[in-house]
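What the coordinates show
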Amino acid sequence: MGGKPKLYYFDGRGKMEPIRWLLAAAGVEFDEEFLETREQYEKLLQDGDLLFQQVPMVEIDGMKMVQSRAILRYIAAKYNLYGKDLKEQALIDMYVEGTTDLMGLILMYPFLSSEDKKKQLATFVEKATKRYFPVYEKVLKDHGQDFLVGNQFSWADIHLLEAILMVEEKACDTLSEFPHLQAFKAKISNIPTIKKFLEPGSQRKPVPDDRYVETVRRVFQAYHDVKAT
Ligand SMILES: N[C@@H](CCC(=O)N[C@@H](CS)C(=O)NCC(=O)O)C(=O)O
């Protein structure tokens, strides 16, 4: 059962990055195997390690887990980041699904043409500031607590901070109209495990670059155009 979790994915953000964030926030060390070649991916397929032929895959507690949401829920529950009862879990799920939808708008961004990139970026920033951030701002304002759910640090807080930083990378002044989110960002960024993850040299991945895009295309080349992020 013991041992560090091992993460199988590209050396980039994509669908693995929220899992890295969650493990890091929980203070859990993890190992990573980066997919660089088609052969590595085929070996995982041949060994029957990828239930739906997809990554992310995480080896944890004797399981080979796939499906990023299932992996995230397992880690959140295991490390007490998933609320104290079913209602808190439901709220955490709702908030996390919201931030997942928001971040989903930027997931395919590196793979788009420059014209589509412009459009997608505008949609992303518009949705962040008009649809998603106002919701979290209001939640924090209404209950007056530091954390989104149950006055306790949870997966929802970690996911929201990841989303905020992603939006700020694209449009740095997006929080200017959201004072509670500004305070939230400062507070959550200062939690020791998160602070460490935000420092250079951590396992947090940078904004996807051309090399990342090429690697993903190379690994999935034979079967897919680019059904990946
Ligand atoms: N629902 C899955 C989707 C996983 C997924 O789309 N993975 C991509 C890489 S990010 C992949 O493996 N694509 C290859 C394929 O779908 O055949 C999850 O959330 O883990």
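All of these numbers come straight from a predicted model, not from anything done at the bench.

Calculation criteria
The residue numbering used here restarts from 1 in each chain and proceeds along that chain's sequence as written. The predicted origin of the model limits local features to residues at a pLDDT of at least 70 and limits the giving and counting of side-chain atom pairs to 80 or more, whereas totals for whole chains, interfaces and linings rest on all residues. Think of it this way: any DSSP run of H or I at least four residues long counts as a helix, any run of E at least two long counts as a strand, and we number them from the N terminus. The globule rule used here is 2.2 Å times the number of residues to the 0.38 power, and the radius of gyration it is set against is calculated over C-alpha atoms. UniProt positions are given in the numbering used here, feature names are shortened, and annotations may be inferred rather than shown by experiment. In short, DSSP must find at least two bridges between two strands for them to pair. Throughout, right-handed denotes a crossover for which the path from the first strand over the helix to the second runs clockwise when the strands point away from the viewer. Reported domain spans reflect what an automatic or database domain assignment gives. The contact criterion used is a C-beta to C-beta distance within 7 Å, with each C-beta placed from the backbone. The classification used treats Ala, Val, Leu, Ile, Met, Phe, Trp, Tyr, Cys and Pro as nonpolar, Asp, Glu, Lys and Arg as charged, and all other residues, Gly among them, as polar. Inter-axis angles, ranging from 0 to 180 degrees, are taken between N-to-C directions of lines fitted to C-alpha atoms, where helices are fitted over the stretch in contact.

Helix and strand content of the protein chain: nine helices and four strands. Written out in order from the N terminus, the α and β elements of the protein chain read β-α-β-α-β-β-α-α-α-α-α-α-α. For the protein chain, the C-alpha radius of gyration of 18 Å lies close to 17 Å, the compact-globule estimate for 229 residues. Over its C-alpha atoms, taken along the principal directions, the protein chain stretches across nearly 50 × 50 × 30 Å.

The next subject is the UniProt feature "domain: GST C-terminal" (unreviewed entry) in the protein chain. UniProt annotation of "domain: GST C-terminal" (unreviewed entry) refers to residues 85–209 when read in the numbering used here. Helix makes up 69% of residues 85–209 and strand 0%, with an end-to-end C-alpha separation of 41 Å.

Looking now at the pairing of strand β1 (residues 6–9). A regular strand places its side chains so that they alternate between the two faces of the sheet. Here β1 pairs with strand β2 (residues 31–34) via four bridges, running parallel. Across the sheet, residue Y9 finds its bridge partner in β2, namely F34. Assessed by its sense of winding, the connection that carries the chain from β1 through helix α1 (residues 17–25) to β2 is right-handed.

Attention shifts here to the domain arrangement of the protein chain. When its domains are assigned, the protein chain resolves into domain 1 (6–79 + 199–220) and domain 2 (86–191). The interface is formed by eleven residues belonging to domain 1 together with eight residues belonging to domain 2. For the side of domain 1 that touches domain 2, the secondary structure elements donating two or more residues are α1, α3 (68–78) and α9 (210–220). By residue number, the principal contributor to the side of domain 1 that touches domain 2 is α1, which donates four residues. Class assignment for the residues of the side of domain 1 that touches domain 2 results in ten nonpolar, one polar and no charged.

Read across the sheet, four strands follow the order β2-β1-β3-β4 without closing on themselves; strand pairing throughout is mixed. The open sheet has two edge strands with one neighbour each: β2 and β4 (63–66). Each adjacent strand pair in this sheet contributes to an overall mean axis angle of 20°, direction not counted. Where β1 meets strand β3 (residues 57–60), three bridges bridge the pair, whose relative direction is antiparallel. Note that in β3 the partner of L7 across the bridge is V58.

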